[in-house]
Protein chains: 2
Amino acid sequence: MKFEDELKSLKEQILYDKVFDIPENITNIAIAGIGGSGVIGKIFQELYTKVPVVTINSLYIPDHINENTLFIAVSYSGNTKETLDVLGKAEKRGVQSIAITSGGELEKISRNVIKIPSGHNPRCALGYMIAPLLKSFKLISKEEVEEAYNLLNRLDNDNAREKEIADAIAAKKLIPVIYSTPPFASVSYRWKTQFNENAKVFAYASFFPESAHNDMAALRYTYKKKNFYFMALEDATNRDMKKVVDAVEKLTKVSFHRIDAEGSSTFAKMMYLIHVGDYVSYHLATYRKKDPSDLKIVAKFKKMTE
Amino acid sequence: MKFEDELKSLKEQILYDKVFDIPENITNIAIAGIGGSGVIGKIFQELYTKVPVVTINSLYIPDHINENTLFIAVSYSGNTKETLDVLGKAEKRGVQSIAITSGGELEKISRNVIKIPSGHNPRCALGYMIAPLLKSFKLISKEEVEEAYNLLNRLDNDNAREKEIADAIAAKKLIPVIYSTPPFASVSYRWKTQFNENAKVFAYASFFPESAHNDMAALRYTYKKKNFYFMALEDATNRDMKKVVDAVEKLTKVSFHRIDAEGSSTFAKMMYLIHVGDYVSYHLATYRKKDPSDLKIVAKFKKMTE
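Residues numbered from 1 in each chain as written. Chains lettered and ligands numbered in written order. Predicted model: local features only at pLDDT ≥ 70, side-chain atom pairs only at ≥ 80, totals over all residues. Heavy atoms only, no water.

**Regarding the packing of helix α8 (residues 160-171) of chain B against helix α12 (residues 266-287) of chain B**
All names here are of chain B.
Part 1: Relative orientation of the contacting elements α8 and α12 amounts to 50°, with a least axis distance of 8 Å. Considering their axes alone, α8 and α12 lie oblique with respect to each other. Seen along the crossing, α8 lies across α12 with a hand that is right-handed. Contacts between α8 and α12 pair Arg161, Glu162, Lys163, Ile165, Ala166, Asp167, Ile169 and Ala170 from the former with Tyr272, Val276, Tyr279, Val280, His283, Leu284 and Tyr287 from the latter.
Part 2: Residue composition of the contact of α8 with α12, grouped by class: ten nonpolar, one polar and four charged. (Axes fitted to C-alpha atoms, helices over the stretch in contact; angles between N-to-C directions. Helix = DSSP H or I, 4+ residues; strand = E, 2+ residues; numbered from the N terminus. Parallel < 35°, antiparallel > 145°, perpendicular 65-115°, else oblique. Left-handed = near helix turned anticlockwise from the far one by under 90°. Contact = heavy atoms within 4.5 Å. Nonpolar A, V, L, I, M, F, W, Y, C, P; charged D, E, K, R; others polar.)

Okay, structure coming up:
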């Protein structure tokens, strides 16, 4: 599949409606995943806080993981070494587990599997991975999915602004710096990884108000400021956070390219901003004559560290 | 107090031994803090996993916060708006709370206070903030504190290597990029904020293995690589992670300045690496003729967003 067609499939992916039953007696949730699958846990963590949710992206599991833990293993390929490893460790503690995967080893070893369609680059299967999770926890309604579908569809048909941003970054070979305001910390992180993996460009992501307490001094006085392209992903309805970004711009004398989320539900806003980033990174890859789907280097890495 | 004397006081700070009683019936912990006080939660999160620990660095508290939550509010000044705000919200849910502060509003409104000595820059009071927390949870022994004391003392007396690193960064006006391997994710983040706040230099921090899945492609193919100074904070005893960093270096053709933690306990290793970063950022400030203690810009920001 052409990479652009993969991007266009996101709107269909969020319609995917396989769900799993949430086991009873769950007092906490752990979501394991890394890379393109790792961002799923970060998104979920921002949307579901009824019980503590921890994300796992290394080879270690927290001591508190036990039979009251719902352990969700997310690996698009089903063969991510780290995720298989921590699932094995968690199973020994008697967790209740669910796997979200398109196949691989993870499908074979898991009792409860949400098997999602294969054939995508993992980072282009975000909709397939996040939809079953959010729908199982009843975090999104049919109307919210529909709202997101329409926004994504609009971006698929018109991403001229995203091309312009990519153009501005490419023309001066700038390093993208992406800030966000709540609840979009996972979204700015996704932008960063998309710049890395699609456009093969180094990028930095962080969020406010935290960054106002440390990046602030750097943004005002650091050298090399002209090498960066500063963006802020925002929620127009959050006036307190608008004030925060206004103050940072004024004090640091740095102008951000400020992008407001469209849509009314948090889910639609997140999906919209994620897709804006998909297109910016895709166009940047095109300008740089890089194949956005190529991640042979990560495949080599996995071989070398087996 | 001269900034260098503040740095030198870290070893004395970790001897601080006021503790609080851990309430019974605690099923989860939330630690609120931002900026120089915010890193305390990140460090604690890596060292204590017997119950789920969430960190809070915005104006929102998770739904699961209730009477079974131990809510730890960390603010050195005691006047951090965000921390006071979330503590207020948490109190309404009936949490059991502890404040770690040198005074301010937080001391006034809290029933349980660990009152630590005042007179420091918040980022130079890390020892005072972390010691009561780790000692209350019995996470560090007298021997481990002594080991850390000796390593910190050695760095206070000889930080020529740290000066050399700062020199290399300053000479070419480079942007520091700090990677770490587990359990040092909070340490690389602390390095970043120290570069920001002391040296007024933009910096990037991340950790392996996560970064091997996204930064990897960028490190190999991105433009502007020569503008960065790459470092990796490592644990010599962790051979799997050594292999990861070896593979990343080989595949990306980027050489990291690799720094091994000294010491045998995790606490001593963390304190040692944190202090190496203290000195690198301090020397970089000196080279750049910046006052490392000056954060007037953040004070202005707080005023503007009151």
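**Brief notes about helix α11 (residues 239-252) of chain B**
For the α-helix, the turn length of 3.6 residues means that residues three or four positions removed from each other point alike.
Part 1: Taking 1.5 Å per residue as the helical rise, α11(B) with its 14 residues ought to reach 20 Å, and the 20 Å between its terminal C-alpha atoms agrees with that figure.
Part 2: Here α11(B) has its buried residues at B:Met241, B:Lys242, B:Val244, B:Val245, B:Ala247, B:Val248, B:Glu249, B:Leu251 and B:Thr252.
Part 3: Its buried side turned inward, α11(B) meets α13 (296-304) of chain A together with α10 (215-221), β8 (228-234) and β9 (257-260) of chain B.
Part 4: Of the residues one or two after α11(B), B:Lys253 is the one with positive phi, at around 60°. (Expected span 1.5 Å × (residues − 1). Buried < 20%, exposed > 50% of the residue type's maximum accessible area, 1.4 Å probe, protein only.)

**Comments concerning the pattern of salt bridges**
Part 1: For the structure on display, the rule yields 34 salt bridges over all chains.
Part 2: For B:Lys11, the salt bridge goes to B:Asp156, with nearest N and O atoms at 2.9 Å. Of this pair, B:Lys11 sits in helix α2 (residues 10-13) while B:Asp156 sits in helix α7 (residues 142-157), and the two are 145 residues apart along the sequence.
Part 3: For B:Lys11, a relative accessible area of 10% gives the class buried.
Part 4: Where B:Lys115 meets B:Glu107, a salt bridge forms, and the shortest distance between an N and an O atom there is 3.2 Å.
Part 5: What you see here is one network of salt bridges that share partners, running through A:Glu234, A:Lys242, A:Asp246, A:Glu249, A:Arg258 and A:Asp260. (Salt bridge = Lys/Arg side-chain N within 4 Å of Asp/Glu carboxyl O.)

**With respect to the interface of chain A and chain B**
Part 1: Listed per partner, the contact involves 70 residues of chain A and 70 residues of chain B.
Part 2: Carbon and sulfur atoms supply 69% of the area that chain A and chain B bury against each other, a total of about 6,400 Å² over both sides.
Part 3: When the buried surface of chain A facing chain B is broken down by residue, A:Phe202, A:His213 and A:Tyr223 rank first, second and third, together holding 14% of it.
Part 4: In this assembly, chain A and chain B are joined by two salt bridges.
Part 5: Inspection of the region where chain A meets chain B yields 27 residue pairs in polar contact (both at pLDDT 80 or more).
Part 6: Looking at the side of chain A that touches chain B, the elements with two or more residues in it are β6 (175-180), α9 (185-199), β7 (204-207), α10 (215-221), α11 (239-252) and α13 of chain A.
Part 7: Looking at side-chain class alone, the side of chain A that touches chain B contains 38 nonpolar, 14 polar and 18 charged residues. (Buried area = accessible area lost by both parts, 1.4 Å probe. Polar contact = N/O pair within 3.5 Å; in protein donor to acceptor, adjacent residues only side chain to side chain.)

Distances and angles like these do not, on their own, reveal function.
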